[in-house]
Amino acid sequence: MPKDAERDYLANIGDAGRHHSLYKPFSNAECGVDLASIGIIMALLPPPPARLLDLGCGGGWTSIFFAMRGYQVVGQDIAPDMIDLAVENRERNRLSPDQVTFICGDYESMGPLGEFDCAVFFDSLHHSEDEASAIDSVFKALKPGGFLLTHEPGEGHSINPHSIAAMEQYGVTERDMPPRLIVQRALEAGFSNYRVLPMPHELFDIFYTKRNHPKRWFSKRRYRLIRRVSRLLFSPDMGASSIVVLTK
Ligand SMILES: C[S@@+](CC[C@H](N)C(=O)[O-])C[C@H]1O[C@@H](n2cnc3c(N)ncnc32)[C@H](O)[C@@H]1O
């Protein structure tokens, strides 16, 4: 059962995996880009103080960052030992349960959790079996005018070698979660507005990565890059890894 595999994942990845989860994002090779992601998400959220639901919070690093910024956070995860780890993480960061609470549960079938100003899926909705139920549950948990932000991998994620290895080794779910699917499910649930925005790793690749362009101004490589930037500006790729901002 994939959901049992999600629950057992932390126990199965051993001490090194546990350490990695506890010290995220600093234990990630892509730490700088992860920090850019959380920074952009904070810039898109309504300002604190606001009630924020962090779905599939894992070891709790995003919830802790949100709490440090002044949000009143509920972090939620299906795996009981992830929740224990998130509580340990909170204590390590000297935050109180008033600032951030962690609860164990399935985001596809959440009971009433109260009313939230905003909710975030950070790299977690693509582990769902039924994204429609997950988005519908969040819709119900948000106040009118509330926001849902997703930061999810797009088309191709389920067939990348890391995902295939995780599915084979641990039995977890790794799906493509492109904006076209998120937006479709969100509109079905009742969300009224959406924006599809590029991921920081895409911006990093375009603007910060060193390239050796040919000296002449016009080249195929330059043309492809300009086309990529224009697309980001004027017609978001509904299949790509993206941040999606939804309004209830
Ligand atoms: C890739 S991890 C991301 C964790 C965290 N957001 C982070 O960035 O470190 C995905 C998380 O989603 C959780 N998850 C998977 N299915 C879930 C479900 N149905 N309900 C709640 N959490 C779920 C997993 O237990 C896991 O902690």
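Look up: the structure comes first, before these words.
Residues numbered from 1 in each chain as written. Predicted model: local features only at pLDDT ≥ 70, side-chain atom pairs only at ≥ 80, totals over all residues.

### What to know about the overall build of the protein chain
Inference 1: Helix and strand counts for the protein chain come out as 10 helices and 7 strands.
Inference 2: By the compact-globule yardstick of 18 Å for 248 residues, the protein chain fits well, its C-alpha radius of gyration being 18 Å.
Inference 3: Projecting the C-alpha coordinates of the protein chain onto the three principal axes gives extents of approximately 60 × 45 × 35 Å.
Inference 4: Counting only residues that meet the buried cut, the protein chain has 36% of its 248 residues in that class.
Inference 5: Taking as baseline every contact in the protein chain between residues at least 6 positions apart, the subset at least 24 positions apart corresponds to 73%. (Helix = DSSP H or I, 4+ residues; strand = E, 2+ residues; numbered from the N terminus. Rg over C-alpha atoms; globule rule 2.2 N^0.38 Å. Buried ≥ 20, exposed ≤ 12 C-beta atoms within 10 Å, placed from the backbone. Contact = placed C-beta atoms within 7 Å.)

### Regarding the site of the ligand
Inference 1: Residues in close proximity to the ligand total 19 residues, the closest being Gly56, Gly58, Ile78, Ser124 and His127.
Inference 2: Its residues placed into classes, the shell around the ligand shows 7 nonpolar, 6 polar and 6 charged. (Near = placed C-beta within 6 Å. Nonpolar A, V, L, I, M, F, W, Y, C, P; charged D, E, K, R; others polar.)

### Description of the nonpolar core
Inference 1: Judged by nonpolar contacts, the single largest core of 40 residues is most densely connected at Leu52, Ala119, Val120, Val138 and Leu148.
Inference 2: Listing elements by their share of this core, those giving two or more residues are strand S1 (51-55), helix H4 (61-69), strand S2 (72-77), strand S4 (116-122), helix H6 (131-141), strand S5 (142-152), helix H8 (179-189) and strand S7 (242-247).
Inference 3: Looking at which element gives the most residues to this core, the answer is S4, with 6 residues.
Inference 4: Contacts of valine 138, omitting those with residues within four sequence positions, involve Leu55, Ala119 and Leu148.
Inference 5: In this structure, Ile78, Ile83, Ala86 and Phe102 belong to the second largest nonpolar core, which totals 10 residues. (Core = buried A, V, L, I, M, F, W, Y, C linked by C-beta atoms within 7 Å.)

### Side note on the sheet that holds strand S6 (residues 193-198)
Within a beta sheet, neighbouring strands are joined by backbone hydrogen bonds and run either parallel or antiparallel to one another.
Inference 1: Reading across from one edge, S3-S2-S1-S4-S5-S7-S6 is the order of the 7 strands in this open sheet, with mixed pairing throughout. Bordering the open sheet on either side are strand S3 (100-104) and S6, each of which pairs with just one other strand. Each neighbouring strand pair of the sheet contributes to a mean axis angle of 15°, computed without reference to strand direction.
Inference 2: Against the sheet, helix H5 (residues 80-92) makes contact with S2 and S3, and its axis sits at roughly 165° relative to S3, the strand it touches most. (Pairing = 2+ DSSP bridges. Axes fitted to C-alpha atoms, helices over the stretch in contact; angles between N-to-C directions.)

### Focus on the pairing of S7
Inference 1: Bridging between S5 and S7 involves 6 bridges; their strand directions are antiparallel. In the sheet register, leucine 149 faces S7, and the bridge partner there is valine 245.

### Section: unusual backbone geometry
Inference 1: Note the cis peptide between lysine 24 and proline 25, where omega equals 5°.
Inference 2: Relative to the elements of secondary structure, proline 25 occurs in the loop between helix H2 (14-22) and helix H3 (31-44).
Inference 3: Cis rather than trans, the peptide bond between proline 48 and proline 49 has omega equal to 5°.
Inference 4: Residue placement: proline 49 occurs in the loop between H3 and S1.
Inference 5: Phi at arginine 94 takes a positive value of approximately 55°, unusual for a residue other than glycine.
Inference 6: Residue placement: arginine 94 occurs in the loop between H5 and S3.

### Some words on H3
Residues lying three or four places apart along an α-helix face the same way, a consequence of the helix completing one turn every 3.6 residues.
Inference 1: Between the first and last C-alpha of H3 there are 20 Å, a value that for 14 residues agrees with the 20 Å anticipated at 1.5 Å per step.
Inference 2: Within the sequence span of H3, burial applies to Asp34, Ser37 and Ile41. The buried side chains of H3 occupy one side of the element, clustering within an arc of 55° when seen end-on. Away from the buried face of H3 by more than 90 degrees, exposed residues Gly39 and Ala43 are located.
Inference 3: Along its buried surface, H3 packs onto S4, S5, helix H9 (200-208) and S7. (Expected span 1.5 Å × (residues − 1). Arc of directions from axis to C-beta.)

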